[in-house]
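Listed below, chain by chain, are the residues.
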Amino acid sequence: MISVAIDGPSGAGKSTISRAAAKLFGFIYVDTGAIYRTIGLAAKLRGIDASDNEAVISMLTGLDIELRYNDSGEQCMLLNGADVSRDIRLPDVSMLASKVSAIPEVREYLVDMQRKMAQMHNVIMDGRDIGTVILPDADLKIFLTAGAEDRARRRYEELLQKGVETTFDMVLDELVKRDEQDTRRAAAPLKAADDAIVLDTSGNTLEQSVSEVCRLISERTGLTPEQAP
Ligand code: DC
């Protein structure tokens, strides 16, 4: 099986770029942030403080988290049988996901689920620790990044499109705080693997970034994308 690990801070374009590249190579796209978001949402629904490690850890035993693909090939997250794919995108769930993801037991709980996906399929998997912890032997590791203002602008535009009321400053502030939290945590912090290729997407169009990632995948695997992006 072929695996491509794409890590980086929030809003660097990881999911959009990974999804597009996976489609072109016929790989499965695994969005691991969605799994942490599902645990963050579960804490919210149960009224559990996401920073209360013990409460979050004891919540894990009663959780049934499933990652599925619908008929259109989109990843869906099920929490105790209910499809929560939309709810996990609410802005407050981002920070909850970041908080629960700092708990080592939460990360441990999700390791097998992520590795199994890569054992069964050719994958492009995105997250924060894919190249460093989850798939240290990935065929290709990319660390996607961009300036904070660029990333916040993309996130802001996405939220506006979804009809979420917010301001650019709020989005920037949240993004900077979340990256700081993800980078400073002791357990599997956000960082580029030593053998990752660092790609700065600042100022790139989406097409340019997809095309750059596809070029790296082709170079490393010998495969060619089905269509030019
Ligand atoms: O990629 P995202 O913004 O949906 O991720 C939400 C949070 O989940 C992110 O702030 C940190 C955490 N996360 C993680 O710790 N490890 C991953 N592999 C993916 C996400």
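Quick note: structure is the one above.
Residues numbered from 1 in each chain as written. Predicted model: local features only at pLDDT ≥ 70, side-chain atom pairs only at ≥ 80, totals over all residues. Heavy atoms only, no water.

Enquirer: I would appreciate a short explanation of the site of the ligand in the present structure.
Expert: The environment of the ligand is formed by 15 residues, the closest being R37, R107, R178, D182 and R185. In the environment of the ligand, an oxygen atom lies 2.7 Å from a nitrogen or oxygen atom belonging to the side chain of D182. The separation between an oxygen atom of the ligand and a polar side-chain atom of R185 is 2.8 Å. For the ligand, whose free accessible area comes to 450 Å², the fraction covered by protein is 97%. Secondary-structure elements contributing two or more residues to the shell around the ligand are helix 2 (33–45), helix 4 (91–101) and helix 8 (168–184). Taken together, the residues that form the shell around the ligand break down as three nonpolar, five polar and seven charged. (Near = heavy atom within 4 Å. Polar contact = N/O pair within 3.5 Å; in protein donor to acceptor, adjacent residues only side chain to side chain. Areas by Shrake-Rupley, 256 points an atom, 1.4 Å probe, with all protein chains shown as cover. Helix = DSSP H or I, 4+ residues; strand = E, 2+ residues; numbered from the N terminus. Nonpolar A, V, L, I, M, F, W, Y, C, P; charged D, E, K, R; others polar.)

Enquirer: Can you help me understand the packing of aromatic side chains in this one?
Expert: What the rule picks out here adds up to two aromatic pairs. Judged by centre distance (5.9 Å) and plane angle (50 degrees), the ring pair of F25 and F27 falls under tilted. Aromatic side chains Y156 and F168 sit 6.1 Å apart centroid to centroid with 80 degrees between the ring planes, which places their arrangement in the edge-to-face category. Of this pair, Y156 sits in helix 7 (residues 148–161) while F168 sits in helix 8, and the two are 12 residues apart along the sequence. Take F168: its relative accessible area is 16%, and that puts it in the buried class. The ring centre of F168 lies 4.4 Å from the NZ or CZ of R153, which sits over that ring. (Phe/Tyr/Trp six-rings, centres within 6.5 Å; stacked < 30°, edge-to-face > 60°. Buried < 20%, exposed > 50% of the residue type's maximum accessible area, 1.4 Å probe, protein only. Lys NZ or Arg CZ within 6 Å of the ring centre and 35° of its normal.)

Enquirer: Looking at this structure, I do not really get the sheet that holds strand 8 (residues 197–200). What am I missing?
Expert: Hydrogen bonding along the main chain pairs the strands of a sheet, whether they run parallel or antiparallel. Overall, parallel pairing links the five strands, which are arranged 2-6-1-7-8 in an open sheet. Lying at the two open borders of the sheet, with one neighbouring strand each, are strand 2 (28–31) and strand 8. Taking each pair of neighbouring strands and ignoring which way they run, the sheet shows an average axis angle of 20 degrees. Pairing of strand 7 (residues 140–145) with strand 8, which is carried by four bridges, proceeds in the parallel orientation. Looking at the pairing, L144 lines up with L199 of strand 8. (Pairing = 2+ DSSP bridges. Axes fitted to C-alpha atoms, helices over the stretch in contact; angles between N-to-C directions.)

Enquirer: What's the story with the nonpolar core in this structure? I'm lost.
Expert: The tendency in soluble globular proteins is for nonpolar side chains to be buried side by side. Ranked by size, the top nonpolar core spans 36 residues in total, and within it I39, L63, M77, V106, M125 and L135 carry the most contacts. Put simply, the parts of the chain that give this core at least two residues each are helix 2, helix 3 (53–60), strand 3 (65–69), strand 4 (75–79), helix 4, helix 5 (104–120), strand 6 (123–127) and helix 6 (130–134). Looking at which element gives the most residues to this core, the answer is helix 2, with seven residues. If near-sequence neighbours (up to four positions away) are discounted, L63 is found in contact with I39, A42, R46, L79, N80 and Y109. Membership of the second largest hydrophobic core comes to 21 residues, among which are A22, F25, Y29 and V213. (Core = buried A, V, L, I, M, F, W, Y, C linked by side-chain atoms within 4.5 Å. Contact = heavy atoms within 4.5 Å.)

Enquirer: Please clarify how the sheet that holds strand 5 (residues 82–83) should be interpreted in this entry.
Expert: The three strands lie next to each other as 3-4-5, forming an open sheet whose pairing is antiparallel. Looking along the sheet, the strands with just one partner apiece sit at the ends: strand 3 and strand 5. Pairing analysis gives five bridges linking strand 3 to strand 4, with the strands arranged antiparallel. Note on strand 4: the bridge partner recorded for I65 is L79.

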